[in-house]
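# Report on the structure
Spelled out, the chains give:
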Amino acid sequence: MSGLDLLRTYISDSEDDEINDKNKSNENFKRLPLPGSIMSWKGVPHHEEVYDDPSQHDGRVRSFKHERGNWATLIYINYEPSEAIFSWIFSVLEEINIKCNIFSEQFHISLTKTLILKFHWIESFIKETKKLCEQTDQFDLKLLNVKAYTNEENTRTFLGIECVDCNGVLACFVENINKFLAEYDLPPFYEDSSYHISFLWCLGNEFVVLNNYTHSLTTKLNQFLVEHSEERYIHITKIHLKIGNKLYAFKLR
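Under an unreviewed UniProt entry, the protein chain has the name U6 snRNA phosphodiesterase and belongs to Apis mellifera. Taken verbatim from the UniProt record of the protein chain, the Catalytic activity (unreviewed entry) comment is "a 3'-end uridylyl-uridine-RNA = a 3'-end 2',3'-cyclophospho-uridine-RNA + uridine". Check the Function (unreviewed entry) section of the UniProt entry for the protein chain; it says "Phosphodiesterase responsible for the U6 snRNA 3' end processing. Acts as an exoribonuclease (RNase) responsible for trimming the poly(U) tract of the last nucleotides in the pre-U6 snRNA molecule, leading to the formation of mature U6 snRNA."

Listed below in structure tokens is the structure:
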């Protein structure tokens, strides 16, 4: 089995905007009537306390604890690396002199911070996201260079491939996302946003160490992209939304 197959994680490849509804829940919540689109969701059980154990997640610390009625939410672009890109990523891993890990979660380009939705916001939030996608044209992203990043808590550091949208469609899309996030009193995306595909990570704030590699890695990335010109651009046809354990894929027009 190839490295790509081993590292590839779940995501619906359906061309429909339907919810992937594999597991039906038999729970009957009596306090609040649930919309039909949410009845089948499999999330954190309403009555259970969930304890975060970093040892179960390679030492990663959750940015916020599970709380009843809160749903972790992210709007993002899905990215599926080719075998050639994976080979390049593994070559980078061999050059780094601190312990790093290849992303085992879905490769993606974040378009929001990780948001916390209240239960009663979910249905309208889904509708707003879908509507915005239907009003947005498909576009291309260009792989540009390698940059180092840290999360807001400085608990992890990343190497990512920065992406740019030459036509400004993505910037307009995120601006419109920020407008409806404000209606929910949710934080906008980073003001100095750098759209990127994170591919390596390590624990703690190792920004200075990893940043020292970015110049040479950018040179090697561009050499790679000259030899594999088909990898330079990503054509974006869908936007993804994750709420709790539920995934949505909305087509752009």
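Here the narrative resumes.
### Description of the nonpolar core
Of all hydrophobic cores here, the largest spans 62 residues; its most connected members are Leu111, Phe125, Leu159 and Phe199. Leaving out residues up to four positions away in the same chain, Phe125 has contacts with Thr73, Ile75, Leu115, Leu117, Phe180, Leu181, Tyr184, Leu186 and Leu241.

### Concerning the sheet that holds strand β8 (residues 233-236)
Here 5 strands make up an open sheet; going across it, the order is β2-β7-β6-β5-β8 and the pairing antiparallel. Because the sheet does not close on itself, it has two edges, and the strands there are β2 (101-102) and β8. The pairing of strand β5 (residues 139-150) with strand β6 (residues 156-164) spans 8 bridges and is classified as antiparallel. Residue pairing across strands places Val146 opposite Ile161, the latter belonging to β6. Helix-sheet contacts for helix α2 (residues 83-93) involve β2, β5, β6 and β7 (196-203), and the interaxial angle to β7 is about 30 degrees. In this fold helix α6 (residues 214-227) packs onto β5 and β6, with an angle of close to 155 degrees to the strand it touches most, β5.

### Comments concerning the side chain of Thr218
Among the secondary structure elements, Thr218 is positioned in helix α6. Every residue in contact with Thr218, bar those within four places of it in the chain, is listed here: Leu144, Asn145 and Val146.

### Here we look at helix α3 (residues 122-134)
A rise of 1.5 Å per residue sets the reference length of α3, with its 13 residues, at 18 Å; its end C-alpha atoms lie 19 Å apart and thus fit the reference within 8%. Of the positions making up α3, those classed as buried are Ile122, Phe125, Ile126, Thr129, Leu132 and Cys133. One face of α3 carries all of its buried residues, which in axial projection span an arc of 135 degrees. Buried residues along α3 sit against β1 (70-78), β4 (115-118), α4 (169-183), β9 (238-243) and β10 (246-251).

### Overview of α2
Those residues of α2 not exposed but buried are Ile85, Phe86, Trp88, Ile89 and Val92. In a view along the axis of α2, the buried residues occupy a sector of 160 degrees, so they form one face of it.

### Observations concerning the packing of aromatic side chains
All told, the structure shown has 13 aromatic pairs when counted by the stated rule. Where Phe103 meets Phe158, the ring centres are 5.9 Å apart and the plane angle is 50 degrees; that geometry is what we call tilted. With Phe103 in the loop between β2 and β3 (108-110) and Phe158 in strand β6, this residue pair connects regions lying 55 residues apart in the sequence. The two residues Phe103 and Phe158 agree in class, both being buried. Here a set of aromatic residues connected by ring pairs shows up, and it is made of Phe86, Phe90, Phe103, Phe107 and Phe158. Just above the ring of Trp201 sits the side chain of Arg156; from NZ or CZ to the centre is 4.8 Å.

### Observations regarding the UniProt feature "active site" (unreviewed entry) in the protein chain
In the UniProt entry, the feature "active site" (unreviewed entry) is given for His108 and His196. Across 89 residues of sequence, these annotated residues stay compact in space, with a maximum C-alpha separation of 8.0 Å. Note on placement: His108 falls in strand β3. Exposure remark for His108: the relative accessible area of 18% places this residue in the buried category. When sequence neighbours within four positions are dropped, the list of residues in contact with His108 reads Leu74, Tyr76, Ile77, Tyr79, His196, Ile197 and Ser198. A polar atom in the side chain of His108 sits 2.8 Å from the backbone oxygen of Gln106. With respect to the helices, strands and loops of the structure, His196 is situated in strand β7. Among residues more than four places away in sequence, those in contact with His196 are His108, Ile109, Ser110, Tyr149, Gly160, Ile161, Glu162 and Cys163. Of the polar contacts made by the side chain of His196, one reaches the backbone oxygen of Ser194; its length is 2.6 Å.

### Looking at the packing of α2 against α6
The contact between α2 and α6 brings their axes to 11 Å, and the two run at 155 degrees. Comparing their axes, α6 and α2 come out roughly antiparallel. Note on packing geometry: the crossing formed by α2 with α6 is right-handed. On the side of α2, the interface is formed by Ala84, Ile85, Trp88 and Val92, while α6 contributes Leu217, Lys220, Leu221 and Phe224. For the contact of α2 with α6, the class distribution of residues is 7 nonpolar, no polar and 1 charged.

Basis of the calculations
- Residues numbered from 1 in each chain as written.
- Predicted model: local features only at pLDDT ≥ 70, side-chain atom pairs only at ≥ 80, totals over all residues.
- Heavy atoms only, no water.
- UniProt positions renumbered as here; feature names shortened; annotations may be inferred.
- Core = buried A, V, L, I, M, F, W, Y, C linked by side-chain atoms within 4.5 Å.
- Buried < 20%, exposed > 50% of the residue type's maximum accessible area, 1.4 Å probe, protein only.
- Contact = heavy atoms within 4.5 Å.
- Pairing = 2+ DSSP bridges.
- Helix = DSSP H or I, 4+ residues; strand = E, 2+ residues; numbered from the N terminus.
- Axes fitted to C-alpha atoms, helices over the stretch in contact; angles between N-to-C directions.
- Expected span 1.5 Å × (residues − 1).
- Arc of directions from axis to C-beta.
- Phe/Tyr/Trp six-rings, centres within 6.5 Å; stacked < 30°, edge-to-face > 60°.
- Lys NZ or Arg CZ within 6 Å of the ring centre and 35° of its normal.
- Polar contact = N/O pair within 3.5 Å; in protein donor to acceptor, adjacent residues only side chain to side chain.
- Parallel < 35°, antiparallel > 145°, perpendicular 65-115°, else oblique.
- Left-handed = near helix turned anticlockwise from the far one by under 90°.
- Nonpolar A, V, L, I, M, F, W, Y, C, P; charged D, E, K, R; others polar.

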